[in-house]
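Listed here are the chains, written in short residue letters.
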Amino acid sequence: QITLTIDGQQVQARAGTTVLEAARKIGIRIPTLCYLKEVNEAGACRVCLVEVQGARTLQASCVTPVAEGMVVKTNTPEVRQARKLNLELIMSNHPQECLICPRSTNCELQAVAAELGLKELRFEGTNRHYQPDNSSPSLVRDPRKCILCRRCVSVCENIQKVTAIAPQERGFDTVIAPAFLASLSDSTCVNCGQCALVCPTAAIVEKNQVQEVWSALADPAKHVVVQTAPATRISVGEIFGLEPGSLVTGKMVAALRRLGFDKVFDTDFTADLTIMEEGSELIRRLNGKGALPLITSCSPGWIKFIEHHYPDLLPHLSTCKSPQQMFGALAKTYYAEKAGLDPGSIFVVSIMPCTAKKYEAGRPEMNSSGYQDVDVVLTTRELGKMLKEAGIDFTALPEENYDQPLGISTGAGVIFGATGGVMEAALRTGYELVTGETLASIEFKDVRGMEGVKEAAIDLKGTILNVAVAHGLGNARELLEKIRNGDIYHFIEIMCCPGGCIGGGGQPIPTDQETRLKRAAGIYSTDQSMPLRKSHENPAVQSLYKEFLGEPLGHKSHQLLHTVYTE
Ligand code: HC1
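As the structure is a prediction and not an experimental result, all values here were calculated from the model.

Trainee: Is there a simple way to think about the domain arrangement of the chain in this case?
Mentor: Interfaces are often described in size by the accessible area the parts lose on coming together. Domains assigned within the chain are domain 1 (2–91), domain 2 (98–206) and domain 3 (211–561). Centre-to-centre separation of domain 1 and domain 2, based on C-alpha positions: 25 Å. If you look at the interface, domain 1 gives 18 residues, while domain 2 gives 23 residues. Summed over both partners, the interface of domain 1 with domain 2 comes to about 1900 Å²; 69% of that surface belongs to carbon and sulfur atoms. Ranking the residues of domain 1 by area buried against domain 2 places Leu33, Glu88 and Met91 at the top, with a combined share of 33%. Our count for the contact surface shared by domain 1 and domain 2 stands at two salt bridges. Among the ionic pairs, Arg29 bridges to Glu115, the shortest N-O distance being 2.8 Å. The residue inventory of the side of domain 1 that touches domain 2, partitioned by class, reads twelve nonpolar, two polar and four charged.

Trainee: Looking at this structure, how should I read unusual backbone geometry?
Mentor: Of note, the amide linkage connecting Leu292 to Pro293 takes the cis form, showing an omega dihedral of -5°. Tracing the sequence through the fold places Pro293 in the loop between helix H8 (267–286) and strand E12 (294–295). Residue Pro405 is bonded to the preceding Gln404 through a cis peptide linkage, with omega at 0°. Checked against the element boundaries, Pro405 lands in the loop between helix H12 (380–389) and helix H13 (411–414). The phi dihedral of Thr163 falls on the positive side, at around 55°, and the residue is not glycine. One can find Thr163 in the loop between helix H4 (151–159) and strand E7 (166–168). Unlike most non-glycine residues, Phe180 shows phi in positive territory, near 60°. Relative to the assigned elements, Phe180 resides in the loop between strand E8 (175–177) and helix H5 (194–198).

Trainee: Explanation requested: the environment of Pro300 in the structure shown.
Mentor: Checked against the element boundaries, Pro300 lands in helix H9 (residues 300–309). Placed 22 residues apart in sequence, Pro300 and Ser322 show a C-alpha to C-alpha distance of 8.0 Å. When residues no more than four places from it in sequence are discounted, the contact partners of Pro300 are Cys354, Ala356, Lys357, Tyr359 and Glu360.

Trainee: Even after reading the chapter, I still don't get the sheet that holds strand E14 (residues 376–379), so can you show me in this structure?
Mentor: Hydrogen bonding along the main chain pairs the strands of a sheet, whether they run parallel or antiparallel. Reading across from one edge, E11-E10-E13-E14 is the order of the four strands in this open sheet, with parallel pairing throughout. Two strands close off the open sheet at either side, each with one partner strand: strand E11 (263–266) and E14. Here the strands of the sheet are splayed against their neighbours by 25° on average, with no regard to which way each runs. Sitting on the sheet, helix H6 (residues 210–217) touches strand E10 (223–228), strand E13 (346–352) and E14, and the angle it makes with E14 is about 125°. Its contacts with the sheet place H12 against E13 and E14, and it is angled at close to 85° to E14.

Trainee: Just checking my understanding: could you explain the nonpolar core for this structure?
Mentor: As a rule of thumb, nonpolar side chains are buried together in soluble globular proteins. Core analysis: the largest hydrophobic core is formed by 43 residues, its most contacted members being Trp302 and Leu480. Counting only elements with at least two residues in this core, the list comes to H4, H5, H9, strand E16 (463–471), helix H15 (473–484) and strand E17 (491–495). At five residues, H15 tops the list of elements feeding residues into this core. Setting aside residues up to four positions removed in sequence, Trp302 forms contacts with Ile295, Thr296, Leu317, Leu473, Leu480, Ile494 and Cys496. Among the nonpolar cores identified, the runner-up in size contains 34 residues, and Ala426, Leu439, Leu460 and Ile523 belong to it.

Trainee: Honestly, the sheet that holds strand E2 (residues 9–13) in this entry has me stumped. Any pointers?
Mentor: The five strands lie next to each other as E2-E1-E5-E3-E4, forming an open sheet whose pairing is mixed. The open sheet has two edge strands with one neighbour each: E2 and strand E4 (59–60). In this sheet, strand E5 (residues 71–73) lies alongside strand E1 (residues 2–6) in parallel orientation, the contact comprising two bridges. Bridged to Thr5 within E5 is Val71. Here helix H2 (residues 77–91) sits on the sheet in contact with strand E3 (49–52) and E5, set at roughly 150° to E3.

Trainee: What's the story with the site of the ligand in this structure? I'm lost.
Mentor: Around the ligand, a shell composed of 16 residues is seen, among which Ala229, Ala231, Gln324, Lys357 and Cys501 lie nearest. Backbone polar atom of Ala231 to an oxygen atom of the ligand: 2.8 Å apart, as the coordinates give it. Here an oxygen atom of the ligand and a backbone polar atom of Pro323 are 3.4 Å apart. Those elements that provide at least two residues to the shell around the ligand are H8 and helix H10 (323–339). Across the shell around the ligand, the residue classes break down as twelve nonpolar, three polar and one charged.

Trainee: How should I be thinking about the side chain of Lys145 in this particular structure?
Mentor: Structurally, the position occupied by Lys145 is in the loop between strand E6 (139–141) and H4. Residue classification places Lys145 among the buried residues on the basis of a relative accessible area of 5%. Among the polar contacts made by the side chain of Lys145, one reaches the side chain of Glu97 at a distance of 3.2 Å. When residues no more than four places from it in sequence are discounted, the contact partners of Lys145 are His94, Pro95, Glu97, Cys101, Pro102, Thr201, Ala202 and Ala203.

Trainee: Would you explain the pattern of salt bridges in this entry?
Mentor: Proximity of charged atoms lets side chains of opposite charge pair with each other. Counted according to the given criterion, the structure contains 40 salt bridges. In this structure, Glu437 and Lys461 form a salt bridge, with 3.3 Å as the shortest nitrogen-oxygen distance. One end of the pair, Glu437, is in the loop between helix H14 (421–435) and strand E15 (453–460); the other, Lys461, is in the loop between E15 and E16, and 24 residues separate them in sequence. Among the residues examined, Lys461 registers a relative accessible area of 53% and is labelled exposed. Two residues, Lys482 and Glu455, come together in a salt bridge whose shortest N-O distance is 2.9 Å. Placement of the pair is Lys482 in helix H15 and Glu455 in strand E15, with a sequence separation of 27 residues. You can call Lys482 partly exposed: its relative accessible area is 29%.

Rules and cut-offs
Residues numbered from 1 in each chain as written. Predicted model: local features only at pLDDT ≥ 70, side-chain atom pairs only at ≥ 80, totals over all residues. Heavy atoms only, no water. Domains from an automatic or database assignment. Contact = heavy atoms within 4.5 Å. Buried area = accessible area lost by both parts, 1.4 Å probe. Salt bridge = Lys/Arg side-chain N within 4 Å of Asp/Glu carboxyl O. Nonpolar A, V, L, I, M, F, W, Y, C, P; charged D, E, K, R; others polar. Helix = DSSP H or I, 4+ residues; strand = E, 2+ residues; numbered from the N terminus. Pairing = 2+ DSSP bridges. Axes fitted to C-alpha atoms, helices over the stretch in contact; angles between N-to-C directions. Core = buried A, V, L, I, M, F, W, Y, C linked by side-chain atoms within 4.5 Å. Buried < 20%, exposed > 50% of the residue type's maximum accessible area, 1.4 Å probe, protein only. Near = heavy atom within 4 Å. Polar contact = N/O pair within 3.5 Å; in protein donor to acceptor, adjacent residues only side chain to side chain.

Rendered as structure tokens:
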């Protein structure tokens, strides 16, 4: 332990702790912009300056380690003035578009300016000459709003290990962009949107498609249906001031009806269906037909990552489309038939915690209904914007139920939203299908939690199934290297984003580790509250097979619910 003094108070801190953390421990708030704990600790923005006795200049507290006997002052006239000056310099070439900016009221630059009491902008810098990059189906990069904090670079390089963006050029020309200033769509970007989650401003945001949905809703010739992803029901409430993890399924359904959707359905229904298809695929592969380990394929950022970086492992991917895409294909076939609708008039909207789902919906494979299966994907954040625009008082809404039959689901469907959930859902069904026995305990806790790579050996009454789960692409790399090195696994779940979809790039900001944990807890308690918790017990899935699909991996399933990914 080290003892130091901050603003006259004695503080004990572990060696290696920064002055910023030591100050926070005793309730002293030092403003920060570029700092992101354990991801970006670069001291780049210099708004966290403090005075350290004996030092010749003010120090960036986020990168200054504590030292024995250190005397720190965080609130002197010089400190306040220096922080303000640095902020003014940052803002001198930041577009003054706050009123119409997508991050307005949720912008850290705006918040720090208010916190520091900035009252005037005395300098006019050279405006950045780089133009917004609209090339990606998922994200818009606007270098004019970039404050060069490098959070996006760190998350892309160190957490996702994708390194699609990095600082390019020098001095005033510095810009965060793909190599050779290529557009995002020409880079190795997987569309995960983790950059957008950590960006303090609007330099990287989701591609906003709200207007496309308003237009569809206003078109009397269109029958507009919506599906909601597992991880949206425990996060959309945050946009309206609720705690992360608060379950708002019923209010979300009510809100979507108020917006004018003709039917409100649930992606959890097709998550259950995915388990039927993927579980059957696993059993088939265990019987020698196809490559092992089988790896899940529902996370589109992960799919793009394996296509770019591990094409030799593509035969291991499940051929199942994601639940989002299975839903789209069924909405325009099974549902159209049942409801007596022309599939061409059905417009499918998805509410997803994910920016890569926008890209997935536009992939050329995703039109097995004869139409583009999913028409528009909105992130949780865009749904929040839409609801605000419509003047819907979200927290005052009553709880309503999903429409049937594509709104019926089990607890296994909902846990898809947290890392380990797809695996656990598959084990709940797989165990019972393989052994013919009812599980005594349905909770597989070894595959839950935030550890980067989780492994377990599951005893299927004599047959041992080696399973592993990775979330975040950096962790996925680690696991994929083990497969390449010959480690034996039978079944693997990989989700692109840290924490799984609860930490998706389209989720409310902030999405930090504390938030992820609360959302995951919300997911698991939702599962516990469900009357049915195993996918094969979903009566709507059972009817779907009886009335329409036939059997898992049958001809129709093959045509509508499966695909093959190539390099
Ligand atoms: Fe996900 Fe999935 S769980 S990928 O994380 O398999 O986005 O929530 O909708 O498709 O069901 C996301 C979440 C989501 C799909 C399902």
